[in-house]
Structure formats: C-alpha cells, structure tokens
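Commentary on secondary and tertiary structure
What follows is each chain in one-letter form.
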Amino acid sequence: MADPAVIIDDLELYLTGWYRAALAARPEPVCADVAVVRVESPNDPPPAKQLVIRDDGTTMTSFLTGEASIGLTVLAGTRANPHDAKELARIVLALASQIPSPDPDNPFTALLSSNGPFMVPEETTFARVYSAVTFSVAGRAL
C-alpha cells in the first residue's frame with residue numbers, strides 16, 4: 001500500500017496569527033501595535049513597527065515530516081536609532097521557542113535552530129533586523 005499524500009499547511013498563515021496574538025499579550029511597550037504580515041507594507045508611510053514572516057520552504061525529511069526555514073524581519077525605529085527594532089527582534093526570536101506544541105492544528109513540532117537577530121544595512125529610514133529559524137513540521141493527510 002502506498003503512503004498517503006501529505007500536505008504541509010500554510011506556515012506563514014499560522015505564524016502571522018500566532019505572532020499577532022503572542023505580541024499583543026506581551027507587556028513590553030515595543031510589542032504594542034506591531035503589524036504582523038507576510039509582505040512588507042507598501043504604504044507610505046509604513047506602519048511604525050512591522051514583523052514580516054517569510055516561509056523559505058520546507059525540506060521533507062520523511063513522507064510526513066519536514067524542516068521548514070522561516071525568515072523573521074523586524075522593521076522599526078530608525079537606522080540612526082535602531083533600539084526598538086533590535087529589542088523587538090530579540091523578543092520575536094525568543095518567542096519562537098514557544099511556537100511548537102502538540103496541538104493538532106499546529107504544524108510546528110520543534111524549534112531546530114535559530115540565527116540572529118542581526119542588523120541589515122540598507123538605505124532606508126527605518127531599521128531592519130533579520131533572524132532565521134528552522135522548525136520541524138508535521139504534515140497532514142491530504
């Protein structure tokens with residue numbers, strides 16, 4: 001008998017909802033009013049604080065599990081004063097360890113690695129701080 005077809009759920013969708021709730025529940029002022037999105041806002045001016053979540057793909061490790069690479073970009077503050085961006089990025093990365101759970105609606109089973117946060121040098125008015133995380137994820141039968 002062939003293995004069942006397995007699909008990995010929309011990881012960006014899950015993470016944007018998860019981070020919206022997690023940041024809204026934090027007491028730190030830098031966590032208030034963060035726009036958690038999949039794509040950087042094209043609005044001018046953009047939101048004062050953004051967390052952009054990018055799914056960089058999943059390497060399947062079995063017919064049911066994989067390793068998902070996720071990029072976390074924080075945009076806040078200014079290049080001259082990046083304190084808010086750095087502080088928010090550290091909190092976002094720390095919260096990543098809380099994402100995996102046995103909840104059947106949660107595809108994330110373990111945090112495997114993290115890298116960052118680090119400043120991204122670019123010619124913009126805001127500060128950009130990037131982190132990368134790798135999670136073990138579980139698929140579901142299609």
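Please refer to the structure placed before this passage.
Throughout what follows, the structure given in this document is the object of discussion. (Residues numbered from 1 in each chain as written. Predicted model: local features only at pLDDT ≥ 70, side-chain atom pairs only at ≥ 80, totals over all residues. Heavy atoms only, no water.)

Structural notes on the overall build of the protein
In terms of regular secondary structure, the protein is built from two helices and seven strands. If you list the helices and strands of the protein from N to C, you get β-α-β-β-β-α-β-β-β. Taken over C-alpha atoms, the radius of gyration comes to 16 Å for the protein, in line with the 14 Å a tight globule of 142 residues would show. Principal-axis analysis of the C-alpha atoms gives the protein an extent of 60 × 30 × 25 Å. Among the 142 residues that make up the protein, the fraction classed as buried is 37%. The long-range fraction of contacts in the protein, counting pairs at least 24 apart against all pairs at least 6 apart in sequence, stands at 60%. In the form shown here, the protein has an accessible surface area of approximately 7800 Å², with 55% of it arising from carbon and sulfur atoms. Averaging the coordinates of the 10 positive side-chain charges in the protein and doing the same for the 17 negative ones gives two points 6 Å apart. (Helix = DSSP H or I, 4+ residues; strand = E, 2+ residues; numbered from the N terminus. Rg over C-alpha atoms; globule rule 2.2 N^0.38 Å. Buried < 20%, exposed > 50% of the residue type's maximum accessible area, 1.4 Å probe, protein only. Contact = heavy atoms within 4.5 Å. Areas by Shrake-Rupley, 256 points an atom, 1.4 Å probe, with all protein chains shown as cover. Lys, Arg positive; Asp, Glu negative; His and termini not counted. Charge placed at Lys NZ, Arg CZ, Asp CG, Glu CD.)

Brief notes about the pairing of strand E3 (residues 50–60)
When strand E2 (residues 35–37) meets E3, the two strands line up parallel, connected through three bridges. Bridged to Val-37 within E3 is Val-52. Note that E3 and strand E4 (residues 65–76) share nine bridges and pair antiparallel. In the sheet register, Val-52 faces E4, and the bridge partner there is Thr-73. The turn joining E3 and E4, which pair antiparallel and follow one another in sequence, is formed by four residues. (Pairing = 2+ DSSP bridges.)

With respect to the side chain of Lys-49
Summarising the element assignment, Lys-49 is placed in the loop between E2 and E3. Here Lys-49 sits buried without a salt bridge, and the closest side chain of opposite charge, Asp-33, lies 5.6 Å off (N-O distance). Reaching out from Lys-49, the side chain makes a polar contact with the backbone oxygen of Pro-29 at a distance of 3.5 Å. In terms of polar contacts, Lys-49 uses its side chain to reach the backbone carbonyl oxygen of Val-30, at 3.3 Å. Sequence-distant contacts of Lys-49, defined by excluding residues within four places in its chain, comprise Pro-29, Val-30, Ala-32, Asp-33, Val-34, Ala-35, Leu-75, Ala-76 and Leu-88. (Salt bridge = Lys/Arg side-chain N within 4 Å of Asp/Glu carboxyl O. Polar contact = N/O pair within 3.5 Å; in protein donor to acceptor, adjacent residues only side chain to side chain.)

Quick look at the environment of Lys-86
Tracing the backbone through its elements, the reader meets Lys-86 in helix H2 (residues 83–95). The class for Lys-86 is partly exposed, based on a relative accessible area of 35%. Every residue in contact with Lys-86, bar those within four places of it in the chain, is listed here: Met-119 and Val-129.

Some thoughts on unusual backbone geometry
Cis geometry is adopted by the peptide bond preceding Pro-117, which originates at Gly-116 and carries an omega value of -5°. Examined against the element boundaries, Pro-117 turns out to sit in strand E5 (residues 108–119). In this structure, Asp-33 takes a positive phi of about 60° despite not being glycine. Counting through the fold element by element, Asp-33 comes out in the loop between helix H1 (11–24) and E2.

Re the packing of aromatic side chains
All told, the structure shown has four aromatic pairs when counted by the stated rule. The interplanar angle of 70° and the centroid separation of 4.8 Å between the aromatic rings of Phe-108 and Phe-135 together place this pair among those described as edge-to-face. Linking Phe-108 in strand E5 with Phe-135 in strand E6 (residues 127–138), this pair joins segments that are 27 residues apart in sequence. Like Phe-108, the residue Phe-135 is buried in the burial classification. (Phe/Tyr/Trp six-rings, centres within 6.5 Å; stacked < 30°, edge-to-face > 60°.)

Take it as geometry only, folks, not as evidence of what the structure does.
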